[in-house]
Amino acid sequence: MAATTSQRQLQYAAGAGIRSSSNARSDNQSWGLGGFVGASFKGGWGPDETTGAYTVRQFGLIPTRTGTLAVALAAQSDSGTFDAAAAALSKMAVVLAENVGELTGGHCS
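From a predicted model like this one, the values you see are computed outputs, not experimental measurements.

Spatially, S1-S2-S3 is the arrangement adopted by the three strands of the open sheet, whose pairing is antiparallel. This sheet does not close on itself; its edge strands, each paired only once, are strand S1 (40–47) and strand S3 (67–76). If you compare each strand with its neighbour and ignore which way they point, the axes differ by 10° on average. Pairing between strand S2 (residues 54–64) and S3: 10 bridges, direction antiparallel. From the neighbouring strand, Arg57 faces S3, where its bridge partner is Ala74. Along the sheet, helix H2 (residues 82–99) contacts S1, S2 and S3; its crossing angle with S3, the most-contacted strand, is approximately 145°.

Here we take up the environment of Glu102. Note on placement: Glu102 falls in the segment after H2. Separated by 37 residues in the primary sequence, Glu102 and Arg65 have C-alpha atoms spaced 9.0 Å apart.

By size, the foremost hydrophobic cluster in this structure holds 17 residues, and its most contacted members are Leu33, Phe36, Ile62 and Val71. For this core, the elements supplying multiple residues, two or more each, are S2, S3 and H2. Take this core: its biggest share by element is five residues, from H2. Contacts of Ile62, omitting those with residues within four sequence positions, involve Leu33, Phe36, Ala39, Gly67, Thr68, Leu69, Val71, Leu96 and Val100.

It is worth spelling out the pairing of S2 at this point. Relative to S2, S1 is paired through eight bridges, and the arrangement is antiparallel. Looking at the pairing, Phe41 lines up with Gly60 of S2. Where S1 folds back onto S2 in an antiparallel hairpin, the turn is made up of six residues, including Gly52, whose phi is positive at roughly 85°. Here S2 hands over to S3 after two residues, the two strands then running antiparallel side by side.

Conventions we followed
Residues numbered from 1 in each chain as written. Predicted model: local features only at pLDDT ≥ 70, side-chain atom pairs only at ≥ 80, totals over all residues. Heavy atoms only, no water. Pairing = 2+ DSSP bridges. Helix = DSSP H or I, 4+ residues; strand = E, 2+ residues; numbered from the N terminus. Axes fitted to C-alpha atoms, helices over the stretch in contact; angles between N-to-C directions. Contact = heavy atoms within 4.5 Å. Core = buried A, V, L, I, M, F, W, Y, C linked by side-chain atoms within 4.5 Å. Buried < 20%, exposed > 50% of the residue type's maximum accessible area, 1.4 Å probe, protein only.

What follows is the structure in structure tokens.
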């Protein structure tokens, strides 16, 4: 069954709220996708219950020459520290930034 106009409007309104909260971040969360101008993202982190090693992750939207690209990054460092895992995510984001011109994004309608 196709969504009605009012259902689509509610979906878009909900999505706008998610994107808005994804833009509300503090300077201490500027690692990883935080280096992209115009990116919307959310992250999470926490220690593994067994090993205590931190895993960091980010999910976000970054602008490309053809539209928006959805991205998911995750890392766990060999040392197990939050800082090392966040640094690994930042390295992944640099590689992504160096190649973003080759990637195509899209548009939701």
